[in-house]
Amino acid sequence: MPNHLVDAVSPYLRSHSENPVHWHSWGIEAFVEAKKRDLPVLVSIGYSTCHWCHVMARESFSDPDIADYLNEHFVSIKVDREEHPDVDASYLAAASAFVQGLGWPLNVFVTPDGQAFHAGTYFPPVGQPGHPSFRDVLSAVTDAWLTRREEVTAGAARVAEVLAESARQLAAGSESVGADGSADDARPSAEELDHAVAELVGFEDTLFGGFGGAPKFPASPTLSFLLGHGRASASASAPEPDPDAAPSSAAPSDGTDLALRTLKIMGASPLRDPIEGGFFRYAVNRDWSDPHYERMLYDNAQLLGLYTRAWMLTGGAWARHVAEGVAGFLTDVMQLPSGGFASAQDSESTVDGVRVEGGYYALEASERQRQIPPALDEKVLTGWNGLAIQALARAGFVFDRPDLISAARRAAEYLHEQHERADGTLVRASVAGVDAARVQAHRTAHDGTAADGIAADASAADDIAADATAAGRAVSGRTSAAKATLEDYGMYSRGLLELALVTGDVTYASRARRLLDSTISNAPSAAESSQSAARAGASGTHQSAVFRPPHGADPVLRAQGLVSAVDPSEGAYPSGLSASADAAVLLYRLTGDDRYRRAAQAGLSLVASLAPQQPLAFGAALHLFDELSTPIEQLVIVSPDRSDENQQTVTPRPVTLPDLARRHPAHVVASVSEAQARAFAAAGFALFDQRTAPSGLPTAYLCRDFVCQLPVTEPGELPMPAATTDLIARIVAERQHPGSAPTH
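Residues numbered from 1 in each chain as written. Predicted model: local features only at pLDDT ≥ 70, side-chain atom pairs only at ≥ 80, totals over all residues. Heavy atoms only, no water.

1. A closer look at the overall build of the protein
Keep this limit in mind: We count a stretch as a helix when DSSP gives it H or I for four or more residues in a row; a strand needs E for two or more, and each element gets its number in order from the N terminus. When accessible area is computed with a 1.4 Å probe and restricted to protein chains, residues below 20% of their type maximum are described as buried, those above 50% as exposed, and intermediate ones as partly exposed. Whether two residues are in contact is decided by their heavy atoms: any pair within 4.5 Å suffices. Areas reported here follow the Shrake-Rupley algorithm with a probe of radius 1.4 Å; residue values treat only the protein chains shown as occluding.
Of regular secondary structure, the protein possesses 28 helices and 19 strands. Across the 744 residues of the protein, 56% fall into the buried class. Long-range pairs, those at least 24 residues apart, make up 73% of the contacts in the protein between residues at least 6 apart in sequence. Carbon and sulfur atoms make up 53% of the accessible area of the protein, which amounts to about 29400 Å² in all.

2. Side note on the packing of helix α10 (residues 255-267) against helix α11 (residues 297-314)
Helix-helix packing: each pair is described by the crossing angle between the helix axes and the interaxial distance. Selection criterion: Every axis in this analysis is a line fitted to C-alpha atoms, fitted for helices over the stretch in contact. Angles between the N-to-C directions lie between 0 and 180 degrees. Working definition: roughly parallel below 35 degrees, roughly antiparallel above 145 degrees, roughly perpendicular at 65 to 115 degrees, and oblique for all remaining angles. Crossing handedness follows the turn of the near helix against the far one: under a right angle anticlockwise gives a left-handed crossing, and clockwise gives a right-handed one. Amino acids are sorted into nonpolar (Ala, Val, Leu, Ile, Met, Phe, Trp, Tyr, Cys and Pro), charged (Asp, Glu, Lys and Arg) and polar (every other residue, Gly among them).
Relative orientation of the contacting elements α10 and α11 amounts to 120 degrees, with a least axis distance of 11 Å. In terms of axis orientation, α10 runs oblique to α11. Along this stretch, α10 crosses α11, giving a crossing that reads as left-handed. The segment α10 lies against α11, with T256, L260, L263, M266 and G267 engaging L303, L306, Y307, A310, L313 and T314. Per-class residue counts for the contact of α10 with α11 are eight nonpolar, three polar and no charged.

3. Remarks on the sheet that holds strand β17 (residues 668-673)
Condition: For two strands to count as paired, DSSP must find a minimum of two bridges between them.
Strand order in the open sheet formed by four strands is β17-β16-β18-β19, with mixed pairing between adjacent strands. In this open sheet, the two strands that pair with only one neighbour each are β17 and β19 (707-708).

4. Regarding the state of the cysteines
Stated precisely, the cut-off is as follows: Disulfides are defined as pairs of cysteine sulfur atoms found within 2.5 Å of each other.
Applying the stated rule across the entire model yields two disulfides. Note on cysteine connectivity: C703 is disulfide-linked to C708, with sulfurs 2.0 Å apart. Sign of the S-S torsion, about 85 degrees for the bond between C703 and C708, identifies this disulfide as right-handed. You can call C703 buried: its relative accessible area is 2%. Among the residues examined, C708 registers a relative accessible area of 27% and is labelled partly exposed. Disulfides within the protein link the bonded cysteines, taken in sequence order, as 1-2, 3-4.

5. Some remarks on the environment of G571
Looking at where G571 falls in the secondary structure, it is placed in the loop between α21 (555-559) and α22 (576-591). Considered as a pair, G571 and T222 are 349 residues apart in the sequence and their alpha carbons are 10.0 Å apart.

6. Quick word on the packing of α22 against helix α23 (residues 594-604)
Orientation of α22 relative to α23, taken along the N-to-C sense of each, is 155 degrees, at an axis distance of 7 Å. Between α22 and α23, the crossing angle belongs to the class labelled roughly antiparallel. In the packing of α22 onto α23, the handedness of the crossing is left-handed. Note on element contacts: α23 touches α22 through D594, Y596, R597, A600, G603 and L604, opposite L577, S578, A581, A584, V585, L587, Y588 and T591.

7. Looking at the sheet that holds strand β1 (residues 41-46)
Across the sheet, four strands lie side by side as β2-β1-β3-β4; this open sheet has mixed pairing. Looking at which strands have only one partner, the edges of the open sheet turn out to be β2 (75-80) and β4 (116-120). On average, each strand axis in the sheet is tilted by 20 degrees relative to the strand beside it, whichever way the strands run. Bridging between strand β3 (residues 106-110) and β4 involves four bridges; their strand directions are antiparallel. Note that in β4 the partner of V110 across the bridge is A116.

8. Looking at the environment of I28
One can find I28 in helix α2 (residues 28-37). Its relative accessible area of 41% is what places I28 among the partly exposed residues. When the C-alpha atoms of I28 and V556 are compared, they prove to be 6.0 Å apart, with 528 residues separating the residues in sequence.

9. A short note on the side chain of S578
Within the fold, S578 resides in helix α22. Setting aside residues no more than four positions away along its own chain, S578 makes contact with E570, L604, A620, A621 and L624.

10. Considering the pairing of β2
Burial of β2 is extensive: six of the six residues sit out of reach of the surface. Neither face of β2 is exposed, since V75, I77 and V79 on one face and S76, K78 and D80 on the opposite face are all buried. The sheet contact formed by β1 and β2 spans six bridges and is parallel. Residue pairing for β2: I45 is matched across the bridge by V79.

11. Focus on the pairing of β3
Buried residues dominate β3, accounting for five of its five residues. Of the two faces of β3, the one carrying L106, V108 and V110 and the one carrying N107 and F109 are both buried. Where β1 and β3 come together, five bridges link them in antiparallel fashion. Counted as the bridge partner of V41 is V110 from β3.

12. Here's the deal with helix α18 (residues 486-503)
Operational definition: Given a helix with a known number of residues, its expected span is that number minus one, times 1.5 Å.
Compared with an ideal rise of 1.5 Å per residue, which puts 18 residues at 26 Å, α18 spans 26 Å between its outermost C-alpha atoms and is within 8% of the ideal. The element α18 is largely enclosed, with a buried count of 18 among its 18 residues. With its phi angle positive at about 75 degrees, G504 sits one or two positions after the end of α18.

So this is what it looks like as structure tokens:
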């Protein structure tokens, strides 16, 4: 029986295509075969930049003897957790019944019906104290399957029932809220949010920064909550933090100080590559040293957003330096020729002929030019690309970097063409690039010729590149059969909305609204909600908005009873629930349609009691609870529609309204022309209704909950936080005396 992975879309699966194991990709066929042969199933889950996944592949899955045993006694399935996050989440939940300290590779042994009865992570080829060898584990599982079948299946059924009951309870909680909108009340109080911040202050490592001991992760969603909590809790007269002051271990008055300290330390730590600018996934040690060298798209997209916001708050050179470094990593390294972003960059590469983890990142810049960089996982994921689009669009606006906005647009157009189906649903993943082409470009970027020393034999390096190119062409442009998940709809919609705000192109916003509407199609309008309340009476309930992917769950998981209505858990990035609620909140702020606010409230109500108790695990949800507890501030800058000839008659100003908008802390900041404002208003985005530039000058509309102050044309008339005074002075100095005062 052949290995089935050679034509897989996932680079991780293709990396196992030469294994002697008869791997199947995820699908019903493997379970049908297992039932026919009366064999257990090994579901082995990993991802392409996972170091220990590589190790186990070399040690065990490439071993002919182990492969022969697997092929005889098991049906084996290899899963890319990034391609199938719902599969990964389901089996992680099941595996937690058998092992603590879960991670990847994740190896789960299940019945032909998909019920787990044993699990583990990395298994060594030779047994160690407390760690049996992989071969011994396989033998023990086989023995249990053959001699204690009833015990095995009964235990698997109990685990499945516990998981199913948990899913039922979650579904019940997500589908029933008060007909009068009482889901609005299912959110943490201000005191609970303050207590969550205090908990995080208690978790802070006051010596090395970050939270807890080793290992150290960026915890981006939690930092986002902390960075915004100051806006909700601090008084308007609070002094601005010194942008370049050393981090302090003193307890902060709000979350902002803690977030800024953490970001400043991380930006100067070994977690960040100082040459290419990207952040690694995590550090093994408490002092941020010995990082695991894979670089993930989701980490760097979120961190770009955080450092951009840090600069907006402080004007500190450190924040802009790190932000623009991360942006450069995203556009120079992670963006593929097609426009989409690769999901990750490997931790391993070949340096001077030796395969090593992290060796590339230990080199000086001049030495790197001689080496082939670590490979990209060129799998383009809709949701993670949405995070990158959002971060690059906003950073491009804030730092006045049109190139970053252009990069975001290229990604959005690729996804529009390749990931948006005609029926309104999304594709989860595609393969859109050939890594060998990137390698060749890297080799010739500096002097136009192949660099010396790439490998001992230059022709061998060319052969490797040619082989990679040929393999890549076989799958380039293909889309995955994996179902798009809620995170794809939420993150991509949010990215498109951000792109619409900074470009003034309403088509992005309209696409985002259509996608998000497809996930909350059962959400009642305000009128329907009132009618429902009248019919149901004070004690009645109705089914409210629930975020769900429109095409349903993975069919194999659904058939096996392993589907949860919605998964609210967060990890290194927001859950699909939080991402969708985030997009819904912004849509409400743009349209005034209360259906979106209620949808966000109803969805987040699932974690209203849990999130404040576990702030490190629910940072994105806490951030949204914070946002929903404060009045909405909206800023629209409208530039006049006029010819270039008329524009030349306007006297240049040392500081303009768009300059101020780049650093304004309003929840919504948009800069559009009069024609663009009309297009937004016509499309139903009420914030832009009757927004004009009547005097022929850029005009600012500052609104609170859609109630706007009188429009202003003079920069000095736009209300701004006192903390922006220093930045404005620097802008003026730079424009009056170019080169004398940096604006960053």
